[in-house]
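Here is what each chain is made of, one letter per residue.
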Amino acid sequence: METVIRVGFVYLFILGILRVLGKREVGQLTPLELVMLILIPEVVGQALVREDFSMTNAVIAVTTLMSLVYATSVLSYKFRRFEELVEGRPSLLIENGSPVKETMDRERITPEEIASEMRRAGIERIDKIKWAVLETGGKIAFIQFSPDDEQPPTEEEPVR
Amino acid sequence: MQVPDQPRNLRLHAYQWVGLPLIFLVPVLALLNIFGETRDYAEAAGSEIALRVEYPSRYRFKQLESVHVLVENVSASHVDTLVVAFDPAYIRQFSTPTFIPSPTEPFEIEILAVEPGEIRRVWAELQGEHYGRHSGTISAYRQGSLDTARVILSTFVFP
């Protein structure tokens, strides 16, 4: 019984921490975050299984974790508010060619990171972007202006 | 960008109808302590000796559990030597058995000078080693007497 409670607590605890850290921490692992994700199992492993190394305990811990994961995904699917609570909402980083400073500050996304993602997406200039959206998974999605859209005035300097 | 709003209904694959209840069942059973440690009691009495044993009836691999044995001289006379004997076949299913007091013979503990009505305690610690159900006996008798108090123990060790 204690294993189920411990796994449940640690699951909610880690889910809460990852949610608080933000989308970027989930989407892209910096060396610091990688260290964190390597250390977390080491730290919580003992707390989860205590001195009980039986197969029974392992099966209980894994099935409890899987049950929680599945229950979370079902609740996220059924209830939009719960989905937003667990996964967050996409954030607008660029709107009509202009960076949204407030969102960038909140999500700790630098202009250099956006420029890097733009190069990867094959986009040369920021004024060609209608929207850049930081998805809940941490990836940045770019929507470019279509020929029918009214584009903002072109700037000469491309984004670094 | 607007995403069309549509009712979200949960649908499962055929294999999920079977698998998911099984996955959810394990933690539920664990919460109900189906896989947890349980203890049981057993009592027996002869004309001279009464025996009461508290033992683990269910526990897990490599877990340590203790067996508490209380022996009482229920006769009206002094008992010089009282023997508490653990079934070797039962004890060998566990690892690192420890006894207090120490055995004089393998798995046999002698208790000296037991007055009428006196209760003495024997304690054993057993670590779960072999999976499955193990049964055996604990006997208590006055040395040299055929009158024996015997209890049957049954312990299940989860893998």
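Residues numbered from 1 in each chain as written. Chains lettered and ligands numbered in written order. Predicted model: local features only at pLDDT ≥ 70, side-chain atom pairs only at ≥ 80, totals over all residues.

**Topic: the overall build of chain B**
Right, on to step 1. In terms of helices and strands, chain B carries two helices and nine strands.
Right, on to step 2. Scanning chain B from its N terminus toward the C terminus, one meets helices and strands in the order α-β-β-β-β-α-β-β-β-β-β.
Right, on to step 3. Over its C-alpha atoms chain B spans a radius of gyration of 24 Å, topping by over 25% the 15 Å that the globule rule assigns to 159 residues.
Right, on to step 4. In terms of overall dimensions, chain B has C-alpha extents of about 95 × 25 × 25 Å along its principal axes.
Right, on to step 5. Taking all 159 residues of chain B together, 28% fall into the buried category. (Helix = DSSP H or I, 4+ residues; strand = E, 2+ residues; numbered from the N terminus. Rg over C-alpha atoms; globule rule 2.2 N^0.38 Å. Buried ≥ 20, exposed ≤ 12 C-beta atoms within 10 Å, placed from the backbone.)

**Some details on the nonpolar core**
Residues and elements named next belong to chain B.
Right, on to step 1. Core analysis: the biggest nonpolar cluster contains 24 residues, and Ile49, Leu51, Val69, Val71, Leu82, Val84 and Ala140 have the highest contact counts within it.
Right, on to step 2. Counting residues per element, the ones that place at least two in this core are β2 (49–60), β3 (64–73), β4 (79–86), β6 (108–114), β7 (119–128) and β8 (132–142).
Right, on to step 3. Top contributing element to this core by residue count: β4, with five residues. (Core = buried A, V, L, I, M, F, W, Y, C linked by C-beta atoms within 7 Å.)

**Considering the interface of chain A and chain B**
Right, on to step 1. Each partner contributes to the interface: chain A provides 19 residues, whereas chain B provides 18 residues.
Right, on to step 2. Among the secondary structure elements, those contributing two or more residues to the side of chain A that touches chain B are α1 (2–21) and α4 (55–78) of chain A. (Contact = placed C-beta atoms within 7 Å.)

**What to know about helix α1 (residues 14–31) of chain B**
Residues and elements named next belong to chain B.
Right, on to step 1. The end-to-end C-alpha distance of α1, which contains 18 residues, comes to 27 Å, matching closely the 26 Å that a straight helix rising 1.5 Å per residue would cover.
Right, on to step 2. Taken as a whole, α1 has its buried residues at Val26, Pro27 and Ala30.
Right, on to step 3. A positive backbone phi angle near 65° is found at Asn33, which sits one or two residues after α1. (Expected span 1.5 Å × (residues − 1).)

**With respect to the packing of α4(A) against α1(B)**
Right, on to step 1. Closest axis-to-axis distance for the α4(A)/α1(B) pair is 8 Å, and the angle between their directions is 120°. As summarised for this structure, α4(A) and α1(B) are arranged oblique, according to the angle between their axes. As for how α4(A) packs across α1(B), the hand of that crossing is left-handed. Here Val59(A), Ile60(A), Thr63(A), Thr64(A), Met66(A), Ser67(A) and Tyr70(A) of α4(A) lie close against α1(B), whose contacting residues are Leu20(B), Ile23(B), Phe24(B), Val26(B), Pro27(B) and Ala30(B).
Right, on to step 2. Its residues assigned to classes, the contact of α4(A) with α1(B) comprises ten nonpolar, three polar and no charged. (Axes fitted to C-alpha atoms, helices over the stretch in contact; angles between N-to-C directions. Parallel < 35°, antiparallel > 145°, perpendicular 65-115°, else oblique. Left-handed = near helix turned anticlockwise from the far one by under 90°. Nonpolar A, V, L, I, M, F, W, Y, C, P; charged D, E, K, R; others polar.)

**Section: the sheet that holds strand β2 (residues 98–99) of chain A**
Residues and elements named next belong to chain A.
Right, on to step 1. The strand order across the open sheet formed by four strands is β2-β1-β3-β4, and the pairing between neighbours is antiparallel. On the outer flanks of this sheet lie β2 and β4 (140–144), each paired with one strand and no other.
Right, on to step 2. Bridging between strand β3 (residues 129–134) and β4 involves five bridges; their strand directions are antiparallel. Note on β4: the bridge partner recorded for Ala132 is Phe142. (Pairing = 2+ DSSP bridges.)

**Quick notes on unusual backbone geometry**
Right, on to step 1. Here the amide bond leading from Ile100(B) into Pro101(B) is cis, since omega sits at -5°, within 30 degrees of zero.
Right, on to step 2. Here Pro101(B) lies in the loop between β5 (94–100) and β6.
Right, on to step 3. Positive phi is not limited to glycine here, since Arg108(A) has a value of about 55°.
Right, on to step 4. Within the element layout of this structure, Arg108(A) appears in the loop between α6 (101–107) and α7 (111–120).
Right, on to step 5. One non-glycine residue, Phe107(B), lies in the positive phi region at around 65°.
Right, on to step 6. For Phe107(B), a count of 19 C-beta atoms within 10 Å puts it in the partly exposed group.

**Looking at the pairing of β3(A)**
All names here are of chain A.
Right, on to step 1. Summarising the sheet, strand β1 (residues 91–95) and β3 pair through four bridges and their orientation is antiparallel. Its bridge partner being in β3, Glu95 is matched across the sheet by Trp131.
Right, on to step 2. If you look at the hairpin formed by β3 and β4, you'll find five residues sitting between the two strands, and Gly138 has a positive phi there, around 100°.

**Let's talk about the packing of α4(A) against helix α5 (residues 80–87) of chain A**
Residues and elements named next belong to chain A.
Right, on to step 1. Running from amino to carboxyl end, α4 crosses α5 at an angle of 125°, the nearest separation of the two axes being 5 Å. The orientation of α4 relative to α5 falls into the category oblique. Taking contact as the criterion, the partners of Thr72, Leu75 and Ser76 in α4 are, on α5, Phe82, Glu83, Val86 and Glu87.
Right, on to step 2. Partitioning the contact of α4 with α5 into residue classes produces three nonpolar, two polar and two charged.

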